[in-house]
Amino acid sequence: MLHSKLFRALIWVLLLFIIIWIGTEISFLFKPIGILITTLFFPIVVSGVFFYLFRPVVKWIRKLKIPKVLAILIVYLAFAGVATGVFWTFGPVLQEQVKGLVDGAPELAEDFKEKMEDWKQHPAVSRFLGSEMVKEGNLTERISGSIGNISSSISNHILSFLNILTNIIIVIILLPFVLFYMLKDGDKLPGSILRFLPEKHRDEGLKILRDMDEALSGFIQGQLIVSVFIGTFVYIWYLIIGLDYALILALIALVLNVVPFIGPIIGTAPGVIVGLIQSPMTALYVILGVIVIQQIESNLISPQVMGKRLDVHPLTIILLLLVASAIGGLLGLILAIPTYAVAKVIVIHTKRLIRLYGNTT
């Protein structure tokens, strides 16, 4: 009995519950660690993204026999110049559209409500709204109310917005310093890790680290290129069809494109709603244009840029999105899949390193 597998399994389960119980009783000891992790998480993640974007440029500049520190400063200045140019070009347009959207939100809600009243007169819509599954008044009030109550929602959740703003400020302050040292000393990290391996296994360990680095670099750079492609061509299409708030809606599509499956749908939905307010044909043009752009991206751009996609099961994606949206809201929804994909690469290759280290002992 004492040596049976069932008994040992029960002992391990009991020990796990004891550890969890003890952890809940002394949770105050882990609170500073949690605060430290949540504070540094976003600066490190954002710095890691910029690291993989800037590193190829730094390496190219260093081929001109320029010292690394000076090469990093040149990249910083170039990025600042490009960012200034983009802001100078699109900043006034974005500011005008944001102001117009905020000021015109009540009018947009009223226009949408009027459109709903007009559509209800259509026979097909009348049959749909008359069904037992859909309550006419509730449907109209929910949709128009959701649009009209944006400003009140912001005021009710002002604390959450302040927390997000604080995190953004922390990221902006820490990003240049963290990124500088990552670019300057990043090449030393493999050597520090390989010190734990015997010399005869360091070549294999170096290969594992290079595979990990290439996978992370390819994923981050490819995802950025694909998202920029989507945002750029969606913006051009919105301008062609004369959609209001084209720049804001294109930026939403760009950001949400990182979310698999539902990202393109969520990113297109605001454009469809604004299109419906303008005219049904405009909404139809929005849908058709985005479908064409997504087809070009999925069949031509992504295979060339991303290569072999990271293998993530659809069920895993759905569960991740459900949990992430419940924990982190929209931000969690955006970061869930990229974070999981990167973590998966790290775990897989770290297991290879641990296995290699275990074979030496």
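Not measured: the values here are computed from a predicted model.

### Here we look at the overall build of the protein chain
Line of reasoning, step 1. In terms of helices and strands, the protein chain carries 14 helices and zero strands.
Line of reasoning, step 2. Along the protein chain, helices (α) and strands (β) appear in the sequence α-α-α-α-α-α-α-α-α-α-α-α-α-α when read from the amino end.
Line of reasoning, step 3. Taken over 361 residues, the protein chain has a buried fraction of 27%.
Line of reasoning, step 4. Across the protein chain, every contact between residues at least 6 apart in sequence was considered, and the portion connecting residues at least 24 apart equals 70%.
Line of reasoning, step 5. Taken as a whole, the protein chain presents about 23,800 Å² of accessible surface, with 72% of it coming from carbon and sulfur.

### Examining helix 3 (residues 68–103)
Line of reasoning, step 1. A rise of 1.5 Å per residue sets the reference length of helix 3, with its 36 residues, at 52 Å; its end C-alpha atoms lie 49 Å apart and thus fit the reference within 8%.
Line of reasoning, step 2. Among the residues of helix 3, K68, A71, I72, V75, G91 and Q97 are the ones counted as buried.

### A word on the packing of aromatic side chains
Line of reasoning, step 1. Applying the stated rule across the entire model yields seven aromatic pairs.
Line of reasoning, step 2. Here the aromatic rings of F51 and Y52 are separated by 5.2 Å at their centres, their planes lie at 75 degrees, and the arrangement is edge-to-face. The pair F51 / Y52 is uniform in exposure class, with both members buried.
Line of reasoning, step 3. Members of the aromatic cluster, connected to one another through ring pairs, are F50, F54 and F79.

### Notes on unusual backbone geometry
Line of reasoning, step 1. For K65, which is not a glycine, the phi torsion comes out positive at approximately 65 degrees.
Line of reasoning, step 2. Position of K65 among the secondary structure elements: in the loop between helix 2 (27–62) and helix 3.
Line of reasoning, step 3. The exposure class assigned to K65 is exposed, which follows from its relative accessible area of 75%.
Line of reasoning, step 4. Unlike most non-glycine residues, Y245 shows phi in positive territory, near 60 degrees.

### A few points about the packing of helix 3 against helix 11 (residues 246–256)
Line of reasoning, step 1. One way to put it is that helix 3 packs onto helix 11 with a least axis distance of 8 Å and a crossing angle of 95 degrees. Classed by the angle they form, the pair helix 3 and helix 11 counts as roughly perpendicular. Together, F90, V93, L94, Q97, V98 and L101 of helix 3 and A246, L247, I248 and L251 of helix 11 make up the contact between the two elements.
Line of reasoning, step 2. When its residues are assigned to classes, the contact of helix 3 with helix 11 shows nine nonpolar, one polar and no charged.

### Focus on the side chain of S227
Line of reasoning, step 1. Relative to the helices and strands, S227 is located in helix 10 (residues 202–241).
Line of reasoning, step 2. Taking relative accessible area as the criterion, S227 reaches 3% and is therefore assigned buried.
Line of reasoning, step 3. The contacts of S227, once residues within four sequence positions are left out, are L254, N257 and V258.

### What to know about the nonpolar core
Considering soluble globular proteins, one finds that nonpolar side chains tend to be buried as a cluster.
Line of reasoning, step 1. V234, Y238, L243, L249 and V286 are the most contacted members of the largest nonpolar core, which totals 21 residues.
Line of reasoning, step 2. If you list the elements that add at least two residues to this core, you get helix 10, helix 11, helix 12 (262–278) and helix 13 (280–305).
Line of reasoning, step 3. The residues touching L249, leaving out its near neighbours within four places in the chain, are Y238, L243, D244, G267, P270, G271 and V274.
Line of reasoning, step 4. Counting residues in each nonpolar core, the second largest holds 20 residues, with L175, L179, M212 and L216 among its members.

### Some thoughts on the pattern of salt bridges
Line of reasoning, step 1. Considering all chains together, one arrives at two salt bridges under this definition.
Line of reasoning, step 2. D187 is paired through a salt bridge with K68; the nearest N and O atoms lie 3.1 Å apart. Placement of D187 in the loop between helix 8 (158–185) and helix 9 (189–194) and of K68 in helix 3 is noted, with a sequence separation of 119 residues between them.
Line of reasoning, step 3. Its relative accessible area of 52% is what places D187 among the exposed residues.
Line of reasoning, step 4. K184 serves as the salt-bridge partner of D185, at 3.4 Å between the closest nitrogen and oxygen.
Line of reasoning, step 5. For D185, a relative accessible area of 25% translates into the label partly exposed.

Quick notes on the rules
Residues numbered from 1 in each chain as written. Predicted model: local features only at pLDDT ≥ 70, side-chain atom pairs only at ≥ 80, totals over all residues. Heavy atoms only, no water. Helix = DSSP H or I, 4+ residues; strand = E, 2+ residues; numbered from the N terminus. Buried < 20%, exposed > 50% of the residue type's maximum accessible area, 1.4 Å probe, protein only. Contact = heavy atoms within 4.5 Å. Areas by Shrake-Rupley, 256 points an atom, 1.4 Å probe, with all protein chains shown as cover. Expected span 1.5 Å × (residues − 1). Phe/Tyr/Trp six-rings, centres within 6.5 Å; stacked < 30°, edge-to-face > 60°. Axes fitted to C-alpha atoms, helices over the stretch in contact; angles between N-to-C directions. Parallel < 35°, antiparallel > 145°, perpendicular 65-115°, else oblique. Nonpolar A, V, L, I, M, F, W, Y, C, P; charged D, E, K, R; others polar. Core = buried A, V, L, I, M, F, W, Y, C linked by side-chain atoms within 4.5 Å. Salt bridge = Lys/Arg side-chain N within 4 Å of Asp/Glu carboxyl O.

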